[in-house]
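Structural overview
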Amino acid sequence: MYDVNTKRIDQVLEHMSRMLDLLDKLSERGAKAVLADEVAVAAMERALHLSIEGIVDVGNALIDGFIMRDPGSYSDIVEILRDEQVITDEQALILTRVTDFRKHLVNDYTSVPVNEMYSLVEEAAGTIRQFEPQVRAFLKKELF
């Protein structure tokens, strides 16, 4: 039997949903308004960062719980989820770009490319939003 921490996965997915709601609100303001507002940029950075951490944490919980192969990087977590059919090939492409952006938010945080970040959020928000139902469907299929 698998030992999957579904309680933790639920907590992270719920928090990700709140962060995605924030990203949606910021996006609705438009690029010009957001990029001209230092607080909005900081909020977007944080919400995107926590969404990325959520993808990574949930991915690791699935990998550990279902005894999948060990990841070597954040993008490898996404690749494993694709290989195990948690997410689709198309979702994996976008989520890999998203997790790769983590480097800017964590290591290069003094010079985050805000225009690139805004564009990434616009392009990837829908796919990040699909992550939760994909994970829940996978858990339902594998555990129940």
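Residues numbered from 1 in each chain as written. Predicted model: local features only at pLDDT ≥ 70, side-chain atom pairs only at ≥ 80, totals over all residues. Heavy atoms only, no water.

The chain has the name DUF86 domain-containing protein in an unreviewed UniProt entry, where Brevibacillus fortis is given as its organism. The annotation that UniProt attaches to the chain under Sequence similarities (unreviewed entry) is "Belongs to the HepT RNase toxin family." (UniProt positions renumbered as here; feature names shortened; annotations may be inferred.)

On to the overall build of the chain. Of the regular secondary structure elements, the chain holds 6 helices and 0 strands. Helices (α) and strands (β) of the chain occur, in sequence order from the N terminus, as α-α-α-α-α-α. In summary, the chain has a C-alpha radius of gyration of 15 Å against a globular reference of 15 Å for 144 residues, a match within 12%. C-alpha atoms of the chain, sized along the principal axes, occupy 50 × 25 × 25 Å. A buried classification covers 43% of the 144 residues belonging to the chain. Partitioning the contacts of the chain with sequence separation of at least 6, the portion at a separation of at least 24 is 68%. Summed over its atoms, the accessible surface of the chain is roughly 7,900 Å², and 49% of this surface lies on carbon and sulfur atoms. Of the side chains in the chain, 16 bear a positive and 26 a negative charge, and the two mean positions are spaced by 4 Å. (Helix = DSSP H or I, 4+ residues; strand = E, 2+ residues; numbered from the N terminus. Rg over C-alpha atoms; globule rule 2.2 N^0.38 Å. Buried < 20%, exposed > 50% of the residue type's maximum accessible area, 1.4 Å probe, protein only. Contact = heavy atoms within 4.5 Å. Areas by Shrake-Rupley, 256 points an atom, 1.4 Å probe, with all protein chains shown as cover. Lys, Arg positive; Asp, Glu negative; His and termini not counted. Charge placed at Lys NZ, Arg CZ, Asp CG, Glu CD.)

Attention shifts here to the packing of helix α1 (residues 6–28) against helix α3 (residues 38–65). Between α1 and α3, the least distance of the axes is 9 Å, while the angle of their chain directions is 155°. Classed by the angle they form, the pair α1 and α3 counts as roughly antiparallel. The element α1 and its partner α3 pack so that their crossing is left-handed. (Axes fitted to C-alpha atoms, helices over the stretch in contact; angles between N-to-C directions. Parallel < 35°, antiparallel > 145°, perpendicular 65-115°, else oblique. Left-handed = near helix turned anticlockwise from the far one by under 90°.)

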